[in-house]
Amino acid sequence: MRVLEMLWVAACVAMLIILLSRNTINRKAGAIVGIAGGLLFAVQLLVEGYRWQMIPAYIVTALLFVLVLFRRKKVKKPLRCTIWGLSVVLLGGSIALSALLPVFHLPKPSGEFRVGTDTFHFIDADREETFTEQKGDKRELIVQVWYPAAASGQGAEKATVFPKDKRLFHTYMQAYSEYLGLPAAALDYWKYSRANANGHADLRLAKNPYPVVLLSHGMGVGRILHSSQAEHLASHGYIVFAIDHTYSTAATAFPDGRVTGFLTEQSQERLFEDSRTILKVWNEDIAFVTDQLERLQSGAVASKFKGALDLDNIGMMGHSFGGAAAFEAVYSNPRIKAGVNMDGTLFITTDRDDMEKPFMFMESEDFMEVNEQQAKYRQTPATEAELQALGLTREQFDMILANRELELKLMDRLSQQGLGRTLYIEGAGHYNFTDLQLYSPLTRLTGMTGSMNGSRGAEIVNRYVLEFFNQHLRGMESKLLTGPSEEYPEVKYPDRVFLEG
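Counting of residues starts from 1 at the beginning of each chain's written sequence and follows it residue by residue. Side-chain atom pairs in this predicted model are given and counted only at pLDDT of 80 or more, local residue features only at pLDDT of at least 70, and totals for whole chains, interfaces and linings cover all residues. Hydrogens and waters are ignored; side-chain quantities use all the structure's heavy atoms.

## Concerning the environment of Gly85
Then step 1. Of note, Gly85 is situated in helix H4 (residues 77-100).
Then step 2. Here's how the labels work: a residue is buried when its accessible area is under 20% of the maximum for its type, exposed when over 50%, partly exposed in between, all with a 1.4 Å probe on protein chains only. Residue classification places Gly85 among the partly exposed residues on the basis of a relative accessible area of 33%.
Then step 3. In the structure, Gly85 is positioned 364 residues away from Thr449 in sequence and 36 Å away in space, judged by C-alpha atoms. Every helix listed is a DSSP run of H or I at least four residues long, and every strand listed is a run of E at least two residues long, numbered separately from the N terminus.

Here is the structure:
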């Protein structure tokens, strides 16, 4: 609960005690308590704002005001007990809802620098948009950047996690509510969530340019779910460019007011064909953005980043489908030096044996369990009942199995050659690699995140990603990446990920 909400609920309890502890109401005490409670309630609404989780507490406040306004000298015991019981249930409901669906704020970055953020709207005039049917529609991207900010600057304003504009916020909530299977009104309180970055802040001047990290989101969500990761890297001296892959996000807002939604087709029947087609588009997005980095660095595009980007040290990270895109971008783009895949399946595994760049695979808790199951299926084919439970044909299952084998062998080779690391995190689910783990503890019940605390999950992911890029973009040797750590016992380093069966 927020500070004023806690004070207000405490005031409600105090009002209950004063007004209902005896069978007679002291008029003077009732008036004082009523005025104080009313003022605190008004201040809370003005300063912190309304949210639906507090509706039960609002009802208690209304009950108490009615009791003060229409008080009688004597309050019979049955009425006192009824009001007490109802108030306790309602206040408890608000407290529980506030704990389960809190007004979340992104964790404070651990680096020494303040963080600034801004956005770019890029149009690739050489590329037709393939997700729409409109002829002449060029590929457009929104890219958000986080960077080390000057200690103070004119015009900087504290950023929110979601857009401040009411219309845009409502559009985003509609999109994310559909993704999560919730009514849009249930997410209205997300408007209060705060980031740590300062919008439009001045860049912190430095003797040397800053290394760069590109970031790709998972399928159907967007860059917003990786804000804390970007803030964390920026606080440690990186400039992070997060790409919204248009028409593969829940929502992307453009400067002219347009908001695009999700139009990407990725069917189970054509999983690999569709995924490789989408990967081609995303990889072209990433290549195009690296072209724009060169223009920003040279000053061809007017911005605060002229001369500030170390284009000899570019990293790439991504989650889920964005992790697959990160691998493909690192493999195919000579300008990208190293990369991280956070719990993403690779959809292109053939002809990748010549991958010779540092790459880290961060996996969720069930990683080795799935590998053991894969090894079993190599010895004993899946039964028809198992295939039916998975919703797959035998041909689809065999294709997935073959692709997984190549993926695991590739991961093993990179680890054995000292080019990469593969680790998994006990207690982590798929969305523990995003900010969604910070939004509500209820994500654990849905299976979207694992059993671990969201703040702990964010700390682990941010720390290991930072260590990896420090080692491969800055030349800082990392002890943390050499093996198990007492500080993070949840992180496991398997000797081999491809199991013979």
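## A word on H4
Then step 1. In this scheme, a helix's expected span is set at 1.5 Å multiplied by one less than its residue total. In this model, H4 (24 residues) spans 34 Å end to end at C-alpha, consistent with the 34 Å of a helix rising 1.5 Å per residue.
Then step 2. Inspection of H4 places Arg80, Ile83, Ser87, Leu90, Leu91, Ser94 and Ser98 among the buried residues, and these make up the whole buried set.
Then step 3. Contacts were defined at the residue level, with two residues in contact if any of their heavy atoms lie within 4.5 Å. On its buried face, H4 is in contact with helix H1 (3-20) and helix H3 (55-69).

## Some words on a nonpolar patch on the surface
Then step 1. There is a patch of nonpolar side chains on the surface, built from Leu45, Tyr50, Ile55, Ile59, Leu63 and Leu86 and spanning about 460 Å² of accessible area.
Then step 2. The element that contributes the greatest number of residues to the nonpolar patch is H3, accounting for three residues. Exposure above 30% relative accessible area and the absence of a salt bridge qualify a residue for a patch, where like charges join within 9 Å and nonpolar side chains (Val, Leu, Ile, Met, Phe, Trp, Tyr) within 5 Å. A 1.4 Å probe and the Shrake-Rupley method give the accessible areas. Residues count as covered only by the protein chains that appear here. One speaks of a salt bridge when a side-chain nitrogen belonging to Lys or Arg is within 4 Å of a carboxyl oxygen belonging to Asp or Glu.

## Details of the sheet that holds strand E4 (residues 194-199)
Then step 1. If you trace the eleven strands from one edge of the open sheet to the other, you get E3-E4-E1-E2-E6-E5-E9-E10-E11-E12-E13, paired in mixed fashion. Two strands in the sheet have a free side with no partner beyond their single neighbour: strand E3 (157-160) and strand E13 (491-492).
Then step 2. Pairing geometry for strand E11 (residues 359-363) and strand E12 (residues 420-425), over five bridges, is parallel. Looking at E12, one finds that Met360 is bridged to Arg421.
Then step 3. Contacts from helix H8 (residues 321-332) reach strand E5 (210-216), strand E9 (309-319), strand E10 (338-342) and E11 within the one sheet, and its direction differs from that of E9 by about 145 degrees. Strand pairing is defined by DSSP finding a minimum of two bridges between the two strands. With axes taken as lines fitted to C-alpha atoms, and helix axes fitted only over the stretch in contact, angles between N-to-C directions fall between 0 and 180 degrees.

## Description of empty space enclosed by the protein
Then step 1. Buried and open spaces are told apart on a 1 Å grid over the protein atoms alone, a cavity being a set of points where a 1.4 Å probe fits but cannot get out and a pocket being an open set with protein on both sides within 12 Å along at least five of seven lines. Residues with an atom within 4 Å of a point are the lining residues. Grid points are joined across faces, edges and corners, and a volume is the space filled by probe spheres set on the points. All chains considered together, the criterion is met by one cavity of 30 Å³ or more.
Then step 2. Volume-wise, the largest cavity comes out at about 40 Å³.
Then step 3. Forming the boundary of the largest cavity are Arg127, Glu128, Glu129, Thr130, Arg139, Val281 and Glu284.
Then step 4. At the level of elements, strand E1 (114-128) and helix H7 (271-298) are the ones that each hand at least two residues to the lining of the largest cavity.

## Some points on the side chain of Gln144
Then step 1. For Gln144, the position within the fold is in strand E2 (residues 138-149).
Then step 2. Judged by relative accessible area, Gln144 falls into the buried class, the value being 14%.
Then step 3. Think of a polar contact as two N or O atoms within 3.5 Å of one another; within protein, one of them needs to be a possible hydrogen donor and the other a possible acceptor, and neighboring residues in sequence only count if both atoms come from side chains. One polar contact links Gln144 to Thr117, side chain to side chain, over a distance of 2.9 Å.
Then step 4. Apart from residues no more than four positions distant in its own chain, Gln144 is found in contact with Thr117, Asp118, Thr119, Arg223, Val240, Phe241 and Ala242.

## Details of the layout of surface pockets
Then step 1. As a volume, the largest pocket reaches approximately 1000 Å³.
Then step 2. Taken together, 33 residues form the lining of the largest pocket, with Thr345, Val370, Gln374, Ile400 and Arg404 sitting closest to its centre.
Then step 3. Contributions of two or more residues to the lining of the largest pocket are made by H7, helix H9 (367-379) and helix H11 (394-416).
Then step 4. Residue polarity is assigned by list, with Asp, Glu, Lys and Arg as charged and Ala, Val, Leu, Ile, Met, Phe, Trp, Tyr, Cys and Pro as nonpolar; anything else, Gly included, falls into the polar class. Here the lining of the largest pocket is built from residues that sort into 15 nonpolar, twelve polar and six charged.
Then step 5. Of the volumes computed, that of the second largest pocket is approximately 680 Å³.
Then step 6. Sorting the residues of the lining of the second largest pocket by element identifies E1, E2, E3, helix H5 (166-180), E4 and helix H6 (227-235) as the ones contributing at least two each.
Then step 7. The element best represented in the lining of the second largest pocket is E3, accounting for four residues.
Then step 8. Classifying every residue of the lining of the second largest pocket gives 15 nonpolar, seven polar and seven charged.

## What about the pattern of salt bridges?
Then step 1. What the rule picks out here adds up to 27 salt bridges.
Then step 2. Across the pair Asp274 and Arg270 runs a salt bridge, and its minimum N-O distance is 3.5 Å.
Then step 3. By relative accessible area, Asp274 is classed as buried at 14%.
Then step 4. According to the relative accessible area criterion, Arg270 is partly exposed, its value standing at 45%.

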